[in-house]
Amino acid sequence: KQSESSHLGDCPICLLPLPLYHDEFTLMGCCSKIICRGCEIADRLREKEANHLHHACPFCRHPIPETEEESDKDVMKRVEKNDPDAMTTIGRTHYERGEWGCF
């Protein structure tokens, strides 16, 4: 039996509880929506089948950044707006990279 929810809430697309491990879901840096890996893969397959679509956020249609620097800029824009999910993500990213100082 699947749990009713997790502390992260539910995926806004499929409404299933988000996984507990951060590598099993995706934070969209442009709008700070968290989606499960299955919904991310389904969106990529839909875009691939349509051939003319570029990979974009399923919520705000902002193009997905191609470089890590572009992605960091998108997340930092959300941090500047005091978005707690973006703050958590940028903190985790710096921790995983071993960047212990101020950014």
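S.K.: Looking at this structure, how should I read the overall build of the chain?
M.R.: Broken down by element type, the chain carries three helices and two strands. When the helices and strands of the chain are placed in sequence order, the string is β-β-α-α-α. The principal-axis extent of the C-alpha atoms belonging to the chain is close to 40 × 40 × 25 Å. Taking all 103 residues of the chain together, 30% fall into the buried category. Sequence-distant contacts in the chain: of pairs separated by 6 or more residues, those separated by 24 or more amount to 34%. Of note, the chain has its 13 positive side-chain charges centred 4 Å away from the centre of its 19 negative side-chain charges.

S.K.: Help me understand the pairing of strand β2 (residues 33-36) in this model?
M.R.: Side-chain direction in a regular strand flips from residue to residue, so the side chains alternate between the two faces of the sheet. In the sheet, strand β1 (residues 25-28) pairs with β2 via four bridges, with the strands oriented antiparallel. Residue pairing for β2: Leu27 is matched across the bridge by Ile34.

S.K.: What is the right way to look at the pairing of β1 in this model?
M.R.: Alternating residues of β1 divide into Phe25 and Leu27 and Thr26 and Met28, and every residue in both groups is buried. Connecting β1 to the next strand, β2, in antiparallel fashion are four residues, including Ser32 with a positive phi near 60 degrees.

S.K.: Is there a simple way to explain the environment of Glu49 in this structure?
M.R.: With respect to the secondary-structure elements, Glu49 resides in helix α1 (residues 37-50). Distance from Glu49 to His22, taken between C-alpha atoms, is 28 Å for residues 27 residues apart in sequence.

S.K.: What is the right way to look at the nonpolar core in this model?
M.R.: As a rule of thumb, soluble globular proteins bury nonpolar side chains together. Counting residues in each nonpolar core, the largest one holds 11 residues, listed as Cys11, Leu18, Phe25, Leu27, Met28, Cys31, Ile34, Ile35, Cys36, Cys39 and Cys57. Secondary structure elements with two or more residues in this core: β1 and β2. Discounting chain neighbours no more than four positions away, the residues touching Cys11 are Leu16, Leu18, Ile34, Ile35, Cys36 and Cys39.

What counts and how
- Residues numbered from 1 in each chain as written.
- Predicted model: local features only at pLDDT ≥ 70, side-chain atom pairs only at ≥ 80, totals over all residues.
- Heavy atoms only, no water.
- Helix = DSSP H or I, 4+ residues; strand = E, 2+ residues; numbered from the N terminus.
- Buried < 20%, exposed > 50% of the residue type's maximum accessible area, 1.4 Å probe, protein only.
- Contact = heavy atoms within 4.5 Å.
- Lys, Arg positive; Asp, Glu negative; His and termini not counted.
- Charge placed at Lys NZ, Arg CZ, Asp CG, Glu CD.
- Pairing = 2+ DSSP bridges.
- Core = buried A, V, L, I, M, F, W, Y, C linked by side-chain atoms within 4.5 Å.

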